[in-house]
Amino acid sequence: MIVKAVLFDLDGVITDTAEYHYIAWKQLAEQLDIEMDKEFNERLKGVSRMESLERILIHANRQNDFTLAEKTDLATQKNTEYVKLLDNVTPADVYAGILELLVELKTADVRAVVASASKNAPQILRSLELTEYFDYVVDPDEVEHGKPAPDIFLRGAEVVGVTPEYCIGIEDAQAGIEAIKSAHMFAVGIGQEEILKPSGADIVLPSTETLTWSFLQTLG
Ligand code: BG6
Ligand code: MG
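All chains use their own residue numbering, which begins from 1 and follows the written sequence. For this description, chains carry letters from A and ligands carry numbers from 1, given in the order in which they are written. The model is predicted, so local features are restricted to residues of pLDDT at least 70 and side-chain atom pairs to those at 80 or more, both for listing and for counting; the totals for chains, interfaces and linings are taken over all residues. Side-chain numbers come from the whole structure's heavy atoms, not from hydrogens or water.

A. Main features of the overall build of the protein chain. The helix count covers DSSP runs of H or I at least four residues long, the strand count covers runs of E at least two residues long, and both are numbered beginning at the N terminus. Within the protein chain one finds ten helices and six strands. Put simply, the radius of gyration uses C-alpha atoms, and a globule should come to 2.2 Å times the residue count raised to 0.38. Here the C-alpha atoms of the protein chain give a radius of gyration of 17 Å, agreeing with the 17 Å that 2.2 N^0.38 yields for 220 residues. Counting only C-alpha atoms, the protein chain reaches 50 × 35 × 30 Å along its principal axes. Per-residue accessibility, obtained with a 1.4 Å probe over protein chains only, is compared with the maximum for each type, and a residue is labelled buried under 20%, exposed over 50%, and partly exposed between these values. Going through the 220 residues of the protein chain one by one, you find that 48% of them count as buried. Note on contacts: a residue pair qualifies if any of its non-hydrogen atoms lie within 4.5 Å across the two residues. If you take every contact in the protein chain between residues at least 6 apart in sequence, the share linking residues at least 24 apart comes to 62%.

Here is the structure:
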């Protein structure tokens, strides 16, 4: 396919912050006496902070135990823990192949966009020293519906002036793959085939290592 823009999810695609999200949620869940394992965590990937909390509470049938103000406090508490963990993020944490790919995209004059549900994305990109490689970072507040709705991918493509048929989206989450497909873009999944194929991934790679510009051009 002709590729004019690549839209990257951040957590779990550019770096391993997905693990920090898991640690911070698990800590909050334990405090609330809620059990949470890695399998359940898959359902939180790509999902906004408040929606993640809601899913955790529903999972334990505790969704009616808290007022909105209390839920907001719990989400803030999780974020405070998560942001502390982000202090550990350095350029060494960029996943294999990502920096090289971003350099290649710049050289090829292909737009690079971050389409992450995270409000912490700009901070993480600064810690990774990757900010300059992206043409645009979509703020999740710019769009009405979070993943699995297509909004964030469509918004990213629109801002850089590329139509979906020329876009590749890269995601590690089920909700993210669904969002890319709803946006009518080519979906590259990073992770396990059994998890991401059923969500509609066009191709699944075990890691970002083989994500080169020449490989992306062979897709579609
Ligand atoms: C996504 C993560 O990238 O961002 C989710 O996959 C997370 O797990 C979401 O809940 C929101 O992140 P933040 O940083 O705004 O709490
Ligand atoms: Mg992700």
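B. Main features of the packing of aromatic side chains. Here a pair means two rings of Phe, Tyr or Trp (six-membered ring of Trp) with centres within 6.5 Å. Their orientation is stacked below 30 degrees between planes, edge-to-face above 60, and tilted elsewhere. On inspection of all chains with the given rule, the structure shows one aromatic pair. The criterion is that NZ of a Lys, or CZ of an Arg, lies within 6 Å of the ring centre and within 35 degrees of the ring normal, and then a charge sits over that ring. Looking at Lys-4, its charged tip hangs above the ring of Tyr-166, at a distance of 4.0 Å from the centre.

C. Seen up close, the coordination of the magnesium ion (ligand 2). Binding of the magnesium ion (ligand 2) to the protein goes through Asp-9 (OD), Asp-11 (O) and Asp-172 (OD), at separations of 2.0 to 2.1 Å. Sequence positions of the donors to the magnesium ion (ligand 2) reduce to the motif D-x1-D-x160-D. On the criterion of sequence distance, the pair formed by Asp-11 in the loop between strand 1 (5-8) and helix 1 (17-31) and Asp-172 in the loop between strand 4 (167-171) and helix 8 (174-182) is long-range, its members being 161 residues apart. Assigned by exposure class, Asp-11 and Asp-172 land together as buried. Any N, O or S atom lying within 2.8 Å of the metal counts as a donor, and for Na, K and Ca the limit rises to 3.2 Å; water is left out, so some sites can look incomplete.

D. Quick look at the pairing of strand 2 (residues 111-114). Any two strands with at least two DSSP bridges between them are considered paired. Two strands pair when backbone bridges link them, and strand 1 and strand 2 are joined in this way by four bridges, in the parallel orientation. Note that in strand 2 the partner of Val-6 across the bridge is Ala-112. Bridge analysis of strand 2 against strand 3 (residues 136-137) gives two bridges, and the strand direction is parallel. Looking across to strand 3, one finds that Val-113 is bridged to Tyr-136. When the strands point away from the viewer and the path from the first strand over the helix to the second turns clockwise, the crossover is right-handed. After leaving strand 2, the chain enters helix 6 (residues 121-128) and then returns to the sheet as strand 3, a path that is right-handed.

E. Inspection of helix 1 at higher detail. With 15 residues, helix 1 should cover 21 Å at 1.5 Å per step; its first-to-last C-alpha distance of 21 Å lies within 8% of that length. Here helix 1 has its buried residues at Thr-17, Ala-18, Tyr-20, His-21, Tyr-22, Ala-24, Trp-25, Leu-28 and Ala-29. Contact partners of the buried residues in helix 1: helix 2 (38-41), helix 3 (49-59), helix 4 (68-86) and helix 6. Directly after helix 1, the chain includes Asp-33, whose backbone phi takes a positive value near 65°. One fewer than the residue count of a helix, multiplied by 1.5 Å, yields its expected span.

F. A look at the site of ligand 1. A cutoff of 4 Å decides nearness: a residue is near a molecule or strand if any of its heavy atoms lies inside that distance of it. In the neighbourhood of ligand 1, 15 residues make up the surrounding shell, with Asp-11, Gly-46, Val-47, Ser-118 and Asn-120 lying closest. With respect to ligand 1, the backbone of Val-47 contributes an N or O atom lying 2.6 Å from an oxygen atom. A distance of 2.7 Å is found between an oxygen atom of ligand 1 and a backbone nitrogen or oxygen belonging to Lys-119. Identification of polar contacts relies on pairs of N or O atoms within 3.5 Å, with a donor-acceptor requirement for protein atoms, meaning one able to donate a hydrogen and the other able to accept it, and with residues adjacent in sequence counted only if both atoms are side-chain atoms.

G. Structural detail: helix 8. Along helix 8, the residues that are buried comprise Ala-175, Gly-176, Ile-177, Ala-179 and Ile-180. Packing partners of the buried residues in helix 8 comprise helix 7 (151-159), strand 4, strand 5 (186-190) and helix 9 (193-196). One or two positions beyond helix 8, positive phi appears at His-184, with a value near 60°.

H. Geometry of the sheet that holds strand 5. Strand order in the open sheet formed by six strands is 3-2-1-4-5-6, with parallel pairing between adjacent strands. In the strand order of this sheet, the two ends are held by strand 3 and strand 6 (203-205), each with one partner. The pairing of strand 5 with strand 6 spans three bridges and is classified as parallel. Within the sheet, the bridge partner assigned to Ile-190 lies in strand 6 and is Leu-205. Structural elements are reduced to axes, namely lines fitted to C-alpha atoms, with helices fitted over the stretch in contact, and the angle between N-to-C directions of any two is expressed from 0 to 180 degrees. Sitting on the sheet, helix 5 (residues 98-107) is in contact with strand 1 and strand 2, with an inclination near 150° to strand 1. Together, strand 4 and strand 5 form the strand contacts of helix 8, whose direction differs from that of strand 5 by roughly 170°.

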